[in-house]
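Analysis of the macromolecular model
Each chain, written out:
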Amino acid sequence: MVTGEMTTKSGAGRWGLSYYDERWHRVLREALRLREGGQPEYDDQAFRLQDTTDFTAYVVEVGTGRPVAPSAD
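Now for a quick tour of the structure.

This brings us to the overall build of the protein chain. Per the secondary structure count, the protein chain includes 3 helices and 0 strands. Projecting the C-alpha coordinates of the protein chain onto the three principal axes gives extents of approximately 35 × 35 × 20 Å. Residue burial in the protein chain is summarised as follows: out of 73 residues, 21% are buried. Taking the intrachain contacts of the protein chain between residues at least 6 apart in sequence as the baseline, contacts between residues at least 24 apart amount to 33%. Surface exposure of the protein chain reaches about 5900 Å², of which carbon and sulfur atoms provide 54%.

Here it is as C-alpha cells:
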C-alpha cells in the first residue's frame, strides 16, 4: 500500500527490511524464513508471538494514526 505496487509476500517482507526500523527486522526475517526456509530467528515461540503481535499493532497504528487497544488476556 505504501509503494502503490503489487508484490509477493516475500517481496513485501524484503521491502519491510529496508523500510521499517531495525527493531522489527527479526520478526520480518522470521516471516521470510517461514516462506522461504532457513534458520529460525527465535528459540522461544512465545517471543516470536509477542514480536508478531507488537509489529502488527505498530503497523496498524502507523497506518491509521490510531493506537491499537491491547487485547484482553
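Still to come is the rest of the account.
Now for the packing of helix H2 (residues 25–36) against helix H3 (residues 45–64). Packing of H2 against H3 leaves a shortest axis separation of 10 Å and a crossing angle of 110 degrees. Of the possible angle classes, the one that applies to H2 and H3 is roughly perpendicular. Residues Arg26, Val27, Leu28, Glu30, Arg33 and Leu34 of H2 form the contact with H3, whose participating residues are Arg48, Asp51, Thr52 and Phe55. Looking at the contact of H2 with H3 residue by residue, the class counts come to 4 nonpolar, 1 polar and 5 charged.

What follows deals with helix H1 (residues 9–19). Within H1 the residues assigned to the buried category are Ser10, Gly11, Gly13 and Gly16. Elements that come into contact with the buried residues of H1 comprise H2.

About the thresholds
- Residues numbered from 1 in each chain as written.
- Predicted model: local features only at pLDDT ≥ 70, side-chain atom pairs only at ≥ 80, totals over all residues.
- Heavy atoms only, no water.
- Helix = DSSP H or I, 4+ residues; strand = E, 2+ residues; numbered from the N terminus.
- Buried < 20%, exposed > 50% of the residue type's maximum accessible area, 1.4 Å probe, protein only.
- Contact = heavy atoms within 4.5 Å.
- Areas by Shrake-Rupley, 256 points an atom, 1.4 Å probe, with all protein chains shown as cover.
- Axes fitted to C-alpha atoms, helices over the stretch in contact; angles between N-to-C directions.
- Parallel < 35°, antiparallel > 145°, perpendicular 65-115°, else oblique.
- Nonpolar A, V, L, I, M, F, W, Y, C, P; charged D, E, K, R; others polar.

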